[in-house]
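Listed here are the chains, written in short residue letters.
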Amino acid sequence: MKIKKYIFSLILAFSACIYADAQDQFNDGFLEAVQIYSQQDYPQALKMFEAILSENPQNDAAWYYKGLCQMSMGNEADGEVSLKKATELDSANYWYRDRLALAYSVKGKREEAIGEYEKLSLQYPKKIDSYYSLTNLYLSQGDLDKAVKALDTIEELSGKTDATVLTKYRIYLQQQKQEEALNELKEYSEEYSSPQVLTM
């Protein structure tokens, strides 16, 4: 029943967003380290970010990238520590906190992940990714009502899709809410022509 799966190969897509938030911390060494990271040479990039932090331990962007390197190398424990340090230095940075929440999720710390994503959804109500993550986590916790609410928000932000409708349909069936399940399909099929939904 997963709607959207996060994998660490997507981290590179988010990395560029850090530039706008930490320009004053950049120098040639930092930019070179980011380039090495983008080439997926994580061990070398990690060494470079550690060298940067040895000179400036308050560089939140370096802590962030250090955490990404560690996570990408399979060192989730240290990656979590580094990402947490980045968020402590800049608690307003969406991407730092989003990656920290993902680190919690990867380590099976679902309550911590849910807490972080819920805070993000309140602070950034238009960021749809947080609601996808919350849907998956709520489902894994068996909190079906909250999963439906998260799916409702996704649909409000970006419209209904086969995936959201079918997931809500299955949730309602699991809750023994037959009428709500059928209405979900009926309303969707009346508005959209979906072969997948019509065969249900």
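### Here we look at the pattern of salt bridges
All chains considered together, the criterion is met by nine salt bridges. Of the charged contacts in the structure, one is a salt bridge between Lys109 and Glu80, with a shortest N-O distance of 3.0 Å. Residue Lys109 is found in the loop between helix H6 (94–106) and helix H7 (110–123), and its partner Glu80 is found in helix H5 (residues 76–89); the two are separated by 29 residues along the sequence. Residue classification places Glu80 among the buried positions, given a relative accessible area of 5%. Linking Glu116 and Arg97 is a salt bridge whose minimum nitrogen-to-oxygen distance equals 3.0 Å. Within this pair, whereas Glu116 is found in helix H7, its partner Arg97 is found in helix H6, the two being separated by 19 residues in sequence.

### Observations regarding the environment of Tyr96
Structurally, Tyr96 can be placed in helix H6. With 29 residues separating them along the chain, Tyr96 and Gly67 place their C-alpha atoms 9.6 Å apart.

### Quick notes on the confidence of the model for the protein chain
In the predicted model, the protein chain carries a mean pLDDT of 87, and the fraction of residues at 70 or more is 82%. Every residue in residues 2–24 scores below 50 in pLDDT, and together they form 47 contacts with partners more than four places removed in sequence or on other chains.

### Describing the environment of Tyr124
Assignment of secondary structure puts Tyr124 in the loop between H7 and helix H8 (128–141). A sequence separation of 30 residues divides Tyr124 from Tyr94, and the C-alpha atoms of the two residues are 8.2 Å apart. Tyr124 has contacts with Ala92, Tyr94 and Arg97, leaving out every residue within four places of it along the chain. Here the side chain of Tyr124 touches Ala92 through a polar contact of 2.6 Å, landing on its backbone oxygen.

### Let's talk about the packing of helix H9 (residues 144–158) against helix H10 (residues 162–174)
Where H9 contacts H10, the axes come no closer than 10 Å and their chain directions differ by 160 degrees. As summarised for this structure, H9 and H10 are arranged roughly antiparallel, according to the angle between their axes. Here H9 and H10 pass one another in a crossing that is left-handed. Across the interface between the two elements, Leu144, Ala147, Val148, Leu151, Asp152, Ile154 and Glu155 from H9 touch Thr164, Val165, Thr167, Lys168, Ile171, Tyr172 and Gln174 from H10. In terms of residue class, the contact of H9 with H10 is made up of eight nonpolar, three polar and three charged.

Criteria and cut-off values
- Residues numbered from 1 in each chain as written.
- Predicted model: local features only at pLDDT ≥ 70, side-chain atom pairs only at ≥ 80, totals over all residues.
- Heavy atoms only, no water.
- Salt bridge = Lys/Arg side-chain N within 4 Å of Asp/Glu carboxyl O.
- Helix = DSSP H or I, 4+ residues; strand = E, 2+ residues; numbered from the N terminus.
- Buried < 20%, exposed > 50% of the residue type's maximum accessible area, 1.4 Å probe, protein only.
- pLDDT = per-residue confidence, 0-100.
- Contact = heavy atoms within 4.5 Å.
- Polar contact = N/O pair within 3.5 Å; in protein donor to acceptor, adjacent residues only side chain to side chain.
- Axes fitted to C-alpha atoms, helices over the stretch in contact; angles between N-to-C directions.
- Parallel < 35°, antiparallel > 145°, perpendicular 65-115°, else oblique.
- Left-handed = near helix turned anticlockwise from the far one by under 90°.
- Nonpolar A, V, L, I, M, F, W, Y, C, P; charged D, E, K, R; others polar.

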